[in-house]
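Letter by letter, the chains look like this.
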Amino acid sequence: MNEYMERAVELALANVQEGGQPFGAVLVKDNNIVAEGVNELHKAFDVSGHAEMLAIRRAQEQLRTNDLSGFTMYASGEPCPMCLTAMYFIGINEIYYCQSVEDAALAGLGKSQFIYQELKKNREERSLNMEQISLKEFRENPMLLWKKKD
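Predicted model only: the values in this text are computed from it and were never measured. (Residues numbered from 1 in each chain as written. Predicted model: local features only at pLDDT ≥ 70, side-chain atom pairs only at ≥ 80, totals over all residues. Heavy atoms only, no water.)

Asker: Mind showing me how you'd approach the pairing of strand E4 (residues 94-99) here?
Answerer: The side chains of a regular strand alternate, first on one face of the sheet and then on the other. The pairing of strand E3 (residues 72-77) with E4 spans five bridges and is classified as parallel. The residue of E4 that forms the bridge with Ala75 is Tyr97. Each parallel crossover has a hand, and the one from E3 via helix H3 (residues 81-90) to E4 is right-handed. (Pairing = 2+ DSSP bridges. Helix = DSSP H or I, 4+ residues; strand = E, 2+ residues; numbered from the N terminus. Right-handed = clockwise from strand over helix to strand, strands pointing away.)

Here it is as structure tokens:
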């Protein structure tokens with residue numbers, strides 16, 4: 001058994017015992033655990049308090065970086081869309097998990113499965129209403145200002 005995955009599952013089990021959800025994550029670089037996290041939604045009113053997000057945050061704070069290329073994430077559950085997106089943004093390119101979003105849905109934790117399905121739809125077909133507003137009324141275009149910085 002992989003020691004890092006064993007640790008992620010151990011964290012998830014302990015979190016359930018403390019009243020939290022069954023998610024633990026371990027972030028590894030060069031065969032060393034750099035950061036860990038558990039789902040802390042039961043402790044704080046923070047929608048981003050997922051195990052993977054907290055492990056990433058802790059690694060960023062410790063290493064003072066926005067690039068975690070070469071790191072590997074071990075998670076007790078398949079990353080939700082938010083956590084997966086964060087891993088893309090931060091450069092993590094290797095993820096291992098035990099239980100799928102389908103397993104989570106069977107346990108009563110179906111939000112990730114729902115969001116993955118929503119993301120497959122066109123904007124107009126999603127249950128969350130999104131509408132673009134023109135920048136013509138505004139003084140300056142933030143994207144163009146950013147591009148001019150170079």
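Asker: Which parts of the structure should I look at to understand the packing of aromatic side chains?
Answerer: Between two aromatic rings, the relevant description is the distance of the centres plus the angle of the planes. On inspection of all chains with the given rule, the structure shows two aromatic pairs. Between Tyr4 and Tyr74, the aromatic rings sit 5.3 Å apart at their centres with planes inclined by 45°, giving tilted as the arrangement. With Tyr4 in helix H1 (residues 3-17) and Tyr74 in strand E3, this pair connects stretches of sequence that are 70 residues apart. Here Tyr74 and Tyr96 contribute two aromatic rings whose centre-to-centre distance is 5.2 Å and whose plane-to-plane angle is 20°, an arrangement assigned as stacked. Note that Tyr74 is positioned in strand E3 and Tyr96 in strand E4, a separation of 22 residues in sequence. For Tyr74, a relative accessible area of 10% puts it in the buried group. Put simply, the rings of Tyr4, Tyr74 and Tyr96 pair up and form one aromatic cluster. (Phe/Tyr/Trp six-rings, centres within 6.5 Å; stacked < 30°, edge-to-face > 60°. Buried < 20%, exposed > 50% of the residue type's maximum accessible area, 1.4 Å probe, protein only.)

Asker: Hey, could you run me through the pattern of salt bridges in this one?
Answerer: Applying the stated criterion across every chain yields a total of six salt bridges. Ionic pairing is found between Arg7 and Glu36, a salt bridge with its closest N-O pair at 2.7 Å. You can see Arg7 sitting in helix H1 and its partner Glu36 sitting in strand E2 (residues 32-38), a full 29 residues away along the chain. With a relative accessible area of 26%, Arg7 lands in the partly exposed category. (Salt bridge = Lys/Arg side-chain N within 4 Å of Asp/Glu carboxyl O.)

Asker: Quick question: what am I supposed to make of the environment of Arg7 here?
Answerer: As for Arg7 and Glu52, which are separated by 45 residues in sequence, their C-alpha atoms are 13 Å apart. Not counting the four nearest positions on each side in its chain, Arg7 is found in contact with Val26, Ile33 and Glu36. A polar atom in the side chain of Arg7 sits 2.7 Å from the side chain of Glu36. (Contact = heavy atoms within 4.5 Å. Polar contact = N/O pair within 3.5 Å; in protein donor to acceptor, adjacent residues only side chain to side chain.)

Asker: Please clarify how the nonpolar core should be interpreted in this entry.
Answerer: Across soluble globular proteins, you tend to see nonpolar side chains buried next to one another. Grouped together as the largest cluster of nonpolar side chains are 19 residues, with contacts concentrated most on Leu27, Ile56, Leu68, Met73 and Ile92. Contributing elements (two or more residues each) for this core: strand E1 (24-29), E2, helix H2 (51-63) and H3. Here the element with the most residues in this core is H2; it accounts for five residues. Membership of the second largest hydrophobic core comes to eight residues, among which are Tyr4, Ala8, Val26 and Tyr74. (Core = buried A, V, L, I, M, F, W, Y, C linked by side-chain atoms within 4.5 Å.)

Asker: Sorry, what's going on with the sheet that holds E4 here?
Answerer: Strand pairs in the sheet, formed through backbone hydrogen bonds, run parallel or antiparallel to each other. Here we have four strands laid out as an open sheet, ordered E2-E1-E3-E4, and mixed in their pairing. Bordering the open sheet on either side are E2 and E4, each of which pairs with just one other strand. The average undirected angle you get between the axes of adjacent strands in this sheet is 15°. In this fold H1 packs onto E1, E2, E3 and E4, with an angle of close to 150° to the strand it touches most, E1. Against the sheet, H2 touches E1, E2 and E3, its axis set at about 135° to E2. (Axes fitted to C-alpha atoms, helices over the stretch in contact; angles between N-to-C directions.)

Asker: Help me understand the pairing of E1, please; the structure alone is not making it clear to me.
Answerer: Burial analysis of E1 places five of its six residues in the buried class, which makes it a mostly covered element. Sheet topology note: the E1/E2 ladder contains six bridges and is antiparallel. Residue pairing across strands places Lys29 opposite Asn32, the latter belonging to E2. Between E1 and E2, which pair antiparallel one after the other, the connecting turn spans two residues, and Asp30 there sits at a positive phi close to 50°. Strand direction decides the pairing type here: E1 and E3, joined by four bridges, are antiparallel. Of the residues in E3, the one forming a bridge with Ala25 is Ala75.

Take it as geometry only, folks, not as evidence of what the structure does.
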